[in-house]
Amino acid sequence: MSEDWKSILKKSITRPEQILERFKVDIEPIKAVAEKYPMFVSRYYFNLIEEVDDPIWKQCIPSPLELQDPYGYEDPLNEEGDSPVPGLVHRYPDRVLMCVSNSCATYCRFCTRKRKVGKPAINFTDEIYLAQIQYVRENPSIRDVLLSGGDPFMLPDEKIEFLLKKLRAIPHVEILRIGSRVPCTLPQRITPRLCRMLKKYHPLYVNVHFEHPREITDEAERACGLLADAGIPLGNQSVLLRGVNDDPDVMKSLVQKLLKIRVRPYYLFQMDLVKGTYHFRTRVEVGLKILENLIGKTSGLAVPRFVIDAPGGGGKIPLQPEYVLSMDDEKVVLRNYEGNIYVYPQIPRGGEEIPSTPRFHQPYAQLRG
Ligand SMILES: *Cc1c(COP(=O)(O)O)cnc(C)c1O
Ligand code: SF4
């Protein structure tokens, strides 16, 4: 067994001076940024950096561009506005997002909750947890509770179990979910002991958060394997980041590697309009192009859903390249992943009966547009 996660955390990079241990850069601008938006990088994740400004560096080392963002909002999804109890966001009819932790194993420079990262607005006490759980208990429409943060896996095993046990005891809560970047930024945190505890609370789903193929290491594979062996279905949420993964080949490599470590790509997020993250934003066409390069060209299992979390708080809205060219009473005209045109004949409107003129008995050639 490799080094204990708590000792690894103690060696985290929290002061810009520590960057000099490995890289010769001017740290003055980095310091200025870190004062506004704190820096915290696990030793493990720091070691994944190969050179200045590479895709790992960009995700975790403060950039002067963060202070030059002319646009952006502190709370672009208006999560505070949809929060009936501290830390709990109730936006959709049947599920809630429950923030239960302030800390993360590495602070991502592009975080949607950048306003909170390293600057806890809520001090998570048992009283707060109990208020959140009480809200879930009092709302029978909630059948899905998603623990997020910060990172729930930064809590001690006992605290995670306290939450899972109380939520599991609520009859209308059907599924539990945990969102965590720990398998990517501090995989040593995923221990057999943690997994033995988690598996008592099935059905439990875990969504992990990988952005770049270089994050799929042997350690990450071990962490995801332990979770998967505990019977936990794993999904991945990526954010589309300029200069990190905004490239069809990089993304294809990432999603294929994820499947190899037993993680199913779930969401690809268009960047939220977070203050201080303008330099990570891509045009929406970039994401559509990435999907075009996946759909039909690699395993369907590898294709995430590309979404924009609606600014102001409308929830996640899926986007997809256009495969339906036209649709009328008679037929749907489609294109496939290679650009070939196909016709799918419709059954007559309101017609449960088989039509007397057989429109399905056409040679294949005529089905091609
Ligand atoms: C993303 C999110 C969820 C979960 O959404 P799914 O599409 O079911 O994964 C729930 N609540 C909030 C507020 C969210 O942002
Ligand atoms: S781990 Fe998640 S919550 Fe924490 S900084 Fe990264 S994106 Fe934000």
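Computed from a predicted model, the values in this text were never measured in an experiment. (Residues numbered from 1 in each chain as written. Chains lettered and ligands numbered in written order. Predicted model: local features only at pLDDT ≥ 70, side-chain atom pairs only at ≥ 80, totals over all residues. Heavy atoms only, no water.)

## Digging into the nonpolar core
At step 1: Val145, Leu164, Leu198 and Phe210 are the most contacted members of the largest nonpolar core, which has 87 residues in total.
At step 2: Three or more residues apiece are contributed to this core by two domains, here domain 1 (5-67) and domain 2 (88-319).
At step 3: With near-sequence residues (within four places) excluded, Leu164 lies in contact with Leu147, Leu176, Ile178, Met197, Leu198, Tyr201 and Leu204.
At step 4: Leu241, Val244, Tyr267 and Val307 belong to the second largest nonpolar core, which has 10 residues in total. (Core = buried A, V, L, I, M, F, W, Y, C linked by side-chain atoms within 4.5 Å. Buried < 20%, exposed > 50% of the residue type's maximum accessible area, 1.4 Å probe, protein only. Domains from an automatic or database assignment. Contact = heavy atoms within 4.5 Å.)

## A closer look at the site of ligand 2
At step 1: By nearness alone, every residue bordering ligand 2 is listed as Cys104, Thr106, Tyr107, Cys108, Cys111, Val117, Gly150, Arg181 and His209.
At step 2: The class makeup of the residues in the shell around ligand 2 is five nonpolar, three polar and one charged. (Near = heavy atom within 4 Å. Nonpolar A, V, L, I, M, F, W, Y, C, P; charged D, E, K, R; others polar.)

## A short note on the site of ligand 1
At step 1: Taken together, Val89, Arg91, Tyr92, Arg95, Leu97, Leu146, Arg177, Tyr266, Tyr267 and Lys316 form the complete shell of residues around ligand 1.
At step 2: Arg95 places a polar side-chain atom, nitrogen or oxygen, 2.7 Å from an oxygen atom of ligand 1.
At step 3: Measuring from an oxygen atom of ligand 1, one finds a side-chain N or O atom of Tyr267 at 2.5 Å.
At step 4: When ligand 1 is considered free in solution it has 380 Å² of accessible area, and contact with the protein chains removes 91% of it.
At step 5: At the level of secondary structure, the elements contributing two or more residues to the shell around ligand 1 comprise β1 (88-92), β2 (95-99) and β7 (264-269).
At step 6: The dominant element in the shell around ligand 1, judged by the number of residues it contributes, is β1, at three residues.
At step 7: Taken together, the residues that form the shell around ligand 1 break down as six nonpolar, no polar and four charged. (Polar contact = N/O pair within 3.5 Å; in protein donor to acceptor, adjacent residues only side chain to side chain. Areas by Shrake-Rupley, 256 points an atom, 1.4 Å probe, with all protein chains shown as cover. Helix = DSSP H or I, 4+ residues; strand = E, 2+ residues; numbered from the N terminus.)

## Focus on empty space enclosed by the protein
At step 1: Counted by the stated rule, this structure contains one cavity of 30 Å³ or more.
At step 2: Taken as a whole, the largest cavity holds about 50 Å³ of empty space.
At step 3: In this structure, the largest cavity is lined by Tyr37, Pro38, Tyr107, Cys108, Arg109, Lys114 and Val117.
At step 4: Looking at the lining of the largest cavity residue by residue, the class counts come to five nonpolar, no polar and two charged. (1 Å grid on protein atoms, 1.4 Å probe; cavity = no way out; pocket = protein on both sides within 12 Å on 5 of 7 lines; lining within 4 Å. Points joined across faces, edges and corners; volume = space filled by probe spheres on them.)

## Some points on the layout of surface pockets
At step 1: The computed volume of the second largest pocket comes to approximately 260 Å³.
At step 2: Every residue lining the second largest pocket is counted, 17 residues in all, and those nearest its centre are Asp53, Trp57, Lys58, Ser63 and Leu65.
At step 3: Those elements giving two or more residues to the lining of the second largest pocket turn out to be α2 (28-36) and α4 (55-60).
At step 4: Its residues assigned to classes, the lining of the second largest pocket comprises nine nonpolar, two polar and six charged.
At step 5: Counting contributing residues, the lining of the second largest pocket receives three or more from each of domain 1 (5-67) and domain 2 (88-319).

## A closer look at the side chain of Thr298
At step 1: Within the secondary structure, Thr298 is located in the loop between α11 (284-292) and β8 (305-309).
At step 2: Residue classification places Thr298 among the buried positions, given a relative accessible area of 16%.
At step 3: A polar atom in the side chain of Thr298 sits 2.9 Å from the side chain of Gln256.

## Here we look at the pattern of salt bridges
At step 1: Applying the stated rule across the entire model yields 27 salt bridges.
At step 2: Put simply, Arg177 and Asp144 hold a salt bridge, and the shortest N to O gap is 2.8 Å. One end of the pair, Arg177, is in strand β4 (residues 175-179); the other, Asp144, is in strand β3 (residues 144-148), with 33 residues separating them in the sequence. As far as burial versus exposure is concerned, Arg177 and Asp144 are alike and both buried.
At step 3: With a closest N to O distance of 2.7 Å, Asp329 and Arg349 form a salt bridge. Remark: Arg349 occurs in the loop between β12 (341-345) and α12 (364-367) and Asp329 occurs in the loop between β10 (324-327) and β11 (331-335); sequence separation between them is 20 residues.
At step 4: For Asp329, a relative accessible area of 46% gives the class partly exposed.
At step 5: Assessed through its relative accessible area of 71%, Arg349 is described here as exposed.
At step 6: Within the structure, one salt-bridge network assembled from shared partners comprises Asp75, Glu79, Glu80, Arg113 and Arg115. (Salt bridge = Lys/Arg side-chain N within 4 Å of Asp/Glu carboxyl O.)

## Details of the sheet that holds β12
At step 1: Pairing is antiparallel in the open sheet, where three strands are placed in the order β10-β11-β12. Both outer strands of the open sheet, β10 and β12, are each paired with one neighbouring strand and no more. With direction set aside, neighbouring strand axes in the sheet form an average angle of 15 degrees.
At step 2: Examined bridge by bridge, β11 and β12 share five bridges and lie antiparallel to one another. (Pairing = 2+ DSSP bridges. Axes fitted to C-alpha atoms, helices over the stretch in contact; angles between N-to-C directions.)

## Notes on the domain arrangement of the chain
At step 1: For the chain, the assigned domains are domain 1 (5-67), domain 2 (88-319) and domain 3 (324-367).
At step 2: Its C-alpha centre places domain 1 at a distance of 23 Å from the equivalent point of domain 2.
At step 3: Carbon and sulfur atoms make up 60% of the surface buried where domain 1 meets domain 2, a total of about 2500 Å² over both sides.
At step 4: At the surface where domain 1 touches domain 2, the tally comes to four salt bridges.
At step 5: Its salt-bridge partner being Lys114, residue Glu66 comes within 2.9 Å of it at the nearest N-O pair.
At step 6: Taken together, domain 1 and domain 2 are joined by 16 residue pairs in polar contact (both at pLDDT 80 or more).
At step 7: Elements with a minimum of two residues in the side of domain 1 that touches domain 2: α1 (5-10), α2, α3 (43-48) and α4.
At step 8: In terms of residue count, the dominant contributor to the side of domain 1 that touches domain 2 is α4 (five residues).
At step 9: A breakdown of the residues in the side of domain 1 that touches domain 2 according to their chemical character gives 19 nonpolar, three polar and five charged. (Buried area = accessible area lost by both parts, 1.4 Å probe.)

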